[in-house]
Amino acid sequence: MFGTIFTFELKRWFRNPTLYIYVAIFFFLAFFIMASSLGVFDSFKTTTSSRAISNSPIALNGIINGLTVFIYFLLPSIIGASVYRDFKYNMHSILFSYPFTKWEYLFGKFLSSLLVVIFITLFLGLAAYLASFLPGVNQEMLGPQRIMAYLQTYLIFIIPNLLFYGVIIFSVVTITRNISVGFITVILLLFIQSIVSSFTKDADNRYLVALFEPFGSDALDYYTKYWTMYEKNNNLLPFEGVIIYNRLLWFGVSVLIFGLIYRYFSFTQTALTLGRSKNKERVVKNNFGGITKINLPQVSFDYSLKQNLKTTWSLSNLDFKFIVKNWVFISILIVGLLFILITASVIGEVFGTNTYPVTWQMLLIPGGTFGLFINLVTFLFAGLLIHRGTTTRMNHLIDSTPVPNWVLLTSKFIALIKMQLILLFVILLAGVLYQTYSGFYDYEIGHYLKELLGLKLIHFVIWAFLAIIIQTLFKNYLLGFFVLLILSIGLNFLPAIGVEQDIFIYNSDSGFQYSDMNGYGHGLNLYLIYKIYWFLLGITFFCLALLFWTRGIGQSAKERFKEAGRRLHSKIAISLTLSFVGFLAIGSTIYYQNNVINKTKSGKESEKEMVQWEKKYKKYEHKPQPRITDIKMDMDLYPKERNFVANGTYILKNKTKVAIDTIYINHGKNTEVSFNVKNKLISKDTVFNFDIYRLEKSLIVGDSIQMKFVVKNKPNTFFRDNSPVEYNGTFINNSMFPSIGYSDQSELTDDEVRKKYGLKPRDRMPKPTDSIARQNTYISNDADWVTFETTVSTSNDQTAIAPGYLIKKWTKDGRNYFHYKMDRKMLNFYAFNSARYEVKKDKWHDVNIEIYYNKGHEYNIDRMISGVKKSLDYYTKNFSPYQHKQVRIIEFPRTGGGFAQSFANTIPFSEAIGFIAKVDDEDQNGVDYPFSITSHEVAHQWWAHQVIGANVQGATLLSESLSEYSSLKVLEHTYGKTQMRKFLKDALDSYLQGRTFENKKEQPLMYNENQQYIHYNKGSLVLYALSDYIGEKNMNNALKRYIQKVAFQEAPYTNSIELVQELDAATPDSLKYLIHDMFETITLYENRVEKATAKKLPNGTYEVKIDFTVSKYKANDDGKRLFKDKTGKTVTYKKKDSKYAIESYPLNDYVEIGVFSEQTVKGKKKDKELYLKKVKIDKINNSVTVIVKEKPLEVGVDPYNKLIDTQSDDNRIKI
Amino acid sequence: MKLQISNLNKTYPNGVKALDNLNLEIGTGMFGLLGPNGAGKSSLMRTIATLQKPDSGSITFEGINILENQMELRKILGYLPQEFGVYPSMSAEKLLDYFARLKGISSSKDRKIIIKEVLEVTNLYDVRMKNVSGYSGGMKQRFGIAQLLLNNPKLIIVDEPTAGLDPAERHRFLNVLREIGTNHTVIFSTHIVDDVKELCTEVAILNGGKILNQNTPAAAVEALENKIWTKVVSRDELEPSEKEFNVISSNYNQDNTLNIRVFSETQPDETFKKASPQLEDVYFVALKNDQ
């Protein structure tokens, strides 16, 4: 009988066209994604280039698993419904009288439907495989075809996961006989999964999460998180340790659940329902009816428009009630609320420190997952409402009443919007709840309402329109739901096939961003225009839905079209035409603005332009050019109109050894240039804005000329924004002004892409020894040290700031003027800020400290001031005197970016990274980042503004890494060593993750090519460790000597080699290997405590024996592990019971060993060091014995993770 | 009040011809539409109730062209489909209020009055607070009538309403229908001949999408006067008799013999006795002639 049930069920599915629709959807999704990542669409879009192989086992696993998440939404209707269907069609009463056992029935149903789902997933793999044979595939990104890769993905992840989810959904739907409950379960499971995963943020939980996360993706991640490009491209998926345990665990759980459903399922059971049962009373009907006279009372009927509108509203209330009473909705509501509260607690977290829960941050929540929730229920309930009549079989009663179609459709639509409103109010509620919980009482209810009702609602309403038309067209609401789900997510991927403009992607828009300083800024108009644009298309959809609305008996597609034609009377036709014409009108206006009046370059076009630029002008790169020596700027900012006019004067001096007769000017749009000597414009390029002037009289060696320029923005229009000026919080820098000579900044950097266009491969930066490159700093290629003077004007309610000292301030014609002048030479690097500022002033010795901030952002001003003072203390003491008399920190809107940037004595600082931080001084795991960022930026006054590296590899070691090091030291001296741990742990994680995304090559620290994960994260780790090994004082003295040598130097500029030499000189011979390991090569460790025992000695002390292994390896620039040194030497060690030997690079290293107990400080448990010492080791397996005075609790090898270790959670072990 | 159906055709995508050039004229009173399962009764009913479009033909009621002006008809239409469900967890009162709104009764007072009345007429007043989805078959059918009455319809279409009802329910139901039928046009489809016999002022027999016979029940029966003959035969004689005579029905007696009824203008032979015609004979004769 099992066979009969099994094959019957299978046959039923394989005859069902829905199955093939699903198959087709998934096949094409996988096919397109794979084709896109293999560069098949490269003729329409930017060239896909990556060193990552698209069909490597881990990449395939990612694609197939990612798409399988959508398939989980099919489980309720395929696996869940397999038994439910028999009940729905009353088959069970017949079926259950047949002679089969419960086992045969349940197992047959489950297995067959599981097989159907697996059948669908197989097409993902098939599509991914076939896509690699398409013409146009970039062979560089295609690795060997490995069947094993597919087998692994399916056998380890896809099929076990489907089994687990399948069993749960099967049980839930079978018990409740309600497919919707199956949906809730899918959403709940996905939700639980994401919550479980979020615990990996704390590295200490990674193993546990890996074990318990039901998808197994965290288990996989446990081993592959730090996989380098080489490992990604070459390794098969790991199947070991926690992955095996995880899979076994959840397989066991699946079997258990199936066992339970088997145990409790009964053929005769009634559906499990939630809610109280009604009072039962015996009902005996009257079996003897008389004859009644029927005299219906006269009532009046009203079929007017007004009455219809009233009916629409009251019907919508009924439909709304249906939604809010539905368990899917209630569950989503609860899950959503929980989700918001959980997200709110981690949103905006930096280095373990939260921000104050300001309203705009609460409002970021619906943009992501919660927005998806709203869409999911909109799609689902659009279907449930539209098909409600058919589902309950009441449709014939309704359809024969004189209610117009539009009343029915509109009422359902309004009910959907009411539902969306409820969900949006949940955001408000959750936001206010969370704010209250956090003791933040600055509720901006008006802001909530404006954003949720004014800006967000329309976004979801536009999705509701799409839901209405799709669900009207599809007879099966589950299929409709599914199509909508795929559409809403798939549309985001249109740019991957070259469709980039918002007007072609349903419901996409220009976006908006809120800042406390600048509100919604100028972006709102355009956002609303886009929304109106899509809303009009929505109305068109609505009219179409009216035309295709099913009334009465369902019809064939042909008849529906005929019927639609019949229904197309004037009212609908007019609405349809008007909305569609409006849609086209707005769309074509935007298109005209963006493509005809202003050229929006597609990614592809930009790519081609970059090629052109290089081919056309690279030849001028090393032509002798004069250098900028003096800068005067008159900058007029008009915040209300959002315009600016800059009048600049450069003095250009011939610092070369030859006379110069040709000047190359590289500028932006709307720029006019003139010289004070006679000249001729011999080439003008309006595409690249690269002009060539021939001087009538050559500029002789040592002589100067004056160059004047005017730069303005193009006027802003309703549809297009052409200015960087903000209403409040302008922050613009000198990159918009003309520069001299060719710039290689806009060259293509990816060698694969370069090859495609016939360009030679290039390094991202020249070698440190490149003497031509060393003529320029990495900040500027047309100036050395310059004098700077500026007059900035702005509106009368704003303060404008630029580097230099305020000489004079005045008001004229209702505008504020500020005259700044720098008293010494500085880099050609400056910016202008203007906003309505509050100021807080302080002093450190004779240095003025000023913080310019937005009113309401007072929270951390004192921390910043303290950061400035402590930094000045430390840097002047350890490095060199401060060259300025002033430090100014200037807040700018988060919409301008989330960073701080150090200009000479002036530090623009984003409102997002410190001004609203909620620092908890008690929290060991939270860094006072307003303090540390301030300290980093102040350090730049030394490491950039005194010592500036040449434009060669390793330049940022001299600025960013040293600033990180400097600020870490200030942080350490202020807060103690414990705050270092969190910071260094984050740095280690960021470095290890950063290298996995490297798409060119990982460089050693001293040769880094402006790679952030190297110069910030590895840089801070390495320099901190070095100071720990050779001593802080020693290290700082080396830096001091280095500053003395190179500060404020002229070309050729210093490089990393000179710094490393200085550090090397300060390092004792026994530790010289560190310089080689940390700076010159990429070196990683795998340190691990194997065993630790403690024994109490008679004298009350404890003898601790620690067995540990140390393995060191080098990585090549691809991330391949190398265990042999130059001479081919290597060491290995094989544990007794292990199959594999541990390999290592030859060792002669010092590694720290620590023994800890616990102490309670201010009610919080903290480590207490009983022993901490660096021991020398020269082999992999080691054992040390130490005596400590107290009872030890924990031991560790490199316990503070000072060395770079990919598995940092096994360095400590509890005794 | 006259429903005029002319040349109605409908063929389903699977090739079944549900309505075959059907012509029918129906006046006030109860009109019984008699036909076997699959005769096209429901198709015809749904088409009149504006739920389905014919391929061709026309239907008019009181000057309303139903196919063109569906809304006008719906205003005066009461329709009870052969099979229907209701929104779950809604009481009769709430559902009726819902339908009253759909039917355009704007004032809530009016709705209350009429709902109370239809609940009383259909004897559902006591259970008005109970969920209709939990009603028994008979109660549900009566609820169907209740909703149908809300707009005081002039044209009432009930599609096989008595199928599955117990005798008491069936009686009650037919009585209510009868009451309504006195001053409305009621079209009532069934395959149970007795329903028609008891109720209808006029009857039509439908098979294969065609009207085979239309008459008043009495006249239809009268038309068969002296043409129905009966005889008792043994089981083995049935087949030869069927070949020889126009047998329209055969029923077992308790002794395993059969009563056969034959349609013939004259006495087939002397073994046959004249029988008084029944409406059932009309039905079978019509079907037989259609073969």
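Residues numbered from 1 in each chain as written. Chains lettered and ligands numbered in written order. Predicted model: local features only at pLDDT ≥ 70, side-chain atom pairs only at ≥ 80, totals over all residues.

A.B. asks: What am I meant to see in the nonpolar core here?
C.D. replies: One recurring pattern in soluble globular proteins is that nonpolar side chains are buried together. Of all hydrophobic cores here, the largest spans 389 residues; its most connected members are A:Ala30, A:Met34, A:Val117, A:Val377, A:Ala464, A:Ile468 and B:Leu177. In terms of residue count, helix H7 (residues 147-176) of chain A provides more of this core than any other element does, 16 residues in total. Residues contacting A:Ala464, with those up to four places away along its chain left out, are A:Thr378, A:Ala382, A:Phe413, A:Leu416, A:Ile417 and A:Gln420. (Core = buried A, V, L, I, M, F, W, Y, C linked by C-beta atoms within 7 Å. Buried ≥ 20, exposed ≤ 12 C-beta atoms within 10 Å, placed from the backbone. Helix = DSSP H or I, 4+ residues; strand = E, 2+ residues; numbered from the N terminus. Contact = placed C-beta atoms within 7 Å.)

A.B. asks: What exactly am I supposed to notice about the sheet that holds strand E7 (residues 690-699) of chain A here?
C.D. replies: In sheet architecture, strand pairing relies on hydrogen bonds along the backbone and comes in two forms, parallel and antiparallel. All names here are of chain A. One open sheet accounts for four strands, arranged E6-E7-E4-E10; its pairing is antiparallel. Each edge of the open sheet carries a strand with a single partner, namely strand E6 (679-683) and strand E10 (739-740). Two strands pair when backbone bridges link them, and strand E4 (residues 660-666) and E10 are joined in this way by two bridges, in the antiparallel orientation. The partner of Ile665 across the bridge, within E10, is Ile740. (Pairing = 2+ DSSP bridges.)

A.B. asks: So what exactly am I meant to see when it comes to the pairing of E7(A) here?
C.D. replies: In the case of a regular strand, side chains alternate between the two sheet surfaces. Residues and elements named next belong to chain A. As defined by bridge partners, E4 adjoins E7 across six bridges and the pair is classed as antiparallel. Within E7, the position partnered with Ile665 by the bridge is Asp691. Note: E6 against E7, four bridges, orientation antiparallel. When the sheet's bridge partners are listed, Ser683 is paired in E7 with Ile692.

A.B. asks: What's the story with H7(A) in this structure? I'm lost.
C.D. replies: For an α-helix the count is 3.6 residues per turn, leaving residues at separations of three or four pointing the same way. Residue and element names in this part refer to chain A. Over its 30 residues, H7 extends 41 Å from the first C-alpha to the last, a length consistent with the 44 Å expected when each residue adds 1.5 Å. Approximately 40 degrees is the largest bend angle found in H7, and it occurs at Tyr154. A large share of H7 lies buried, amounting to 24 of its 30 residues. (Expected span 1.5 Å × (residues − 1). Bend = angle between axes of the 7 residues up to and from the residue.)

A.B. asks: Any chance you could explain unusual backbone geometry here in plain terms?
C.D. replies: One can expect most non-glycine residues to show negative phi and most peptide bonds to be in trans. Going from A:Ala1051 to A:Pro1052, the amide bond is cis rather than trans, its omega being -5 degrees. Mapped onto the elements, A:Pro1052 comes out in the loop between helix H32 (1032-1046) and helix H33 (1056-1066). Residue B:Asn256 is not a glycine yet carries a positive backbone phi of 70 degrees. With respect to the secondary-structure elements, B:Asn256 resides in the loop between strand E12 (247-252) and strand E13 (258-263). On the neighbour-count criterion, B:Asn256 (8 C-beta atoms within 10 Å) is exposed.

A.B. asks: Looking at this structure, how should I read the interface of chain B and chain A?
C.D. replies: Quoted interface sizes are often the accessible area lost when the parts come together. Facing 43 residues of chain B, the contacting portion of chain A comprises 34 residues. Elements represented by at least two residues in the side of chain B that touches chain A include exactly helix H2 (70-75), strand E6 (77-80), helix H3 (92-102), helix H4 (108-121), helix H5 (137-149) and helix H6 (167-181) of chain B. The element best represented in the side of chain B that touches chain A is H6(B), accounting for six residues. Along the lines of polarity and charge, the residues of the side of chain B that touches chain A split into 21 nonpolar, 12 polar and 10 charged. (Nonpolar A, V, L, I, M, F, W, Y, C, P; charged D, E, K, R; others polar.)

A.B. asks: Whenever I open this one, the confidence of the model for chain A confuses me. Can you help?
C.D. replies: With 97% of its residues at a pLDDT of 70 or more, chain A shows a mean pLDDT of 89. In this model residues 274-278 of chain A is a low-confidence stretch, pLDDT under 50, and it forms one contact with partners more than four residues away in sequence or in other chains. (pLDDT = per-residue confidence, 0-100.)

A.B. asks: Help me understand the environment of B:Ser189 in this model?
C.D. replies: Residue and element names in this part refer to chain B. Structurally, Ser189 can be placed in strand E8 (residues 185-190). Measuring from C-alpha to C-alpha, the distance between Ser189 and Ser106 comes to 32 Å, with 83 residues separating the pair along the chain. Residues within four places of Ser189 in sequence aside, it is in contact with Leu33, Lys41, Met45, Asp159 and Glu160.

A.B. asks: Quick question: what am I supposed to make of the sheet that holds strand E16 (residues 831-835) of chain A here?
C.D. replies: Residue and element names in this part refer to chain A. Strands sit in the order E9-E16-E12 across an open sheet of three strands; the sheet is antiparallel. Pairing within the sheet leaves two strands with one partner each, and these edge strands are strand E9 (730-733) and strand E12 (799-801). In this sheet, neighbouring strand axes are inclined to one another by 10 degrees on average, regardless of whether the strands run parallel or antiparallel. Two strands pair when backbone bridges link them, and E9 and E16 are joined in this way by four bridges, in the antiparallel orientation. Paired with Phe731 across the strands is Asn833, a residue of E16. (Axes fitted to C-alpha atoms, helices over the stretch in contact; angles between N-to-C directions.)

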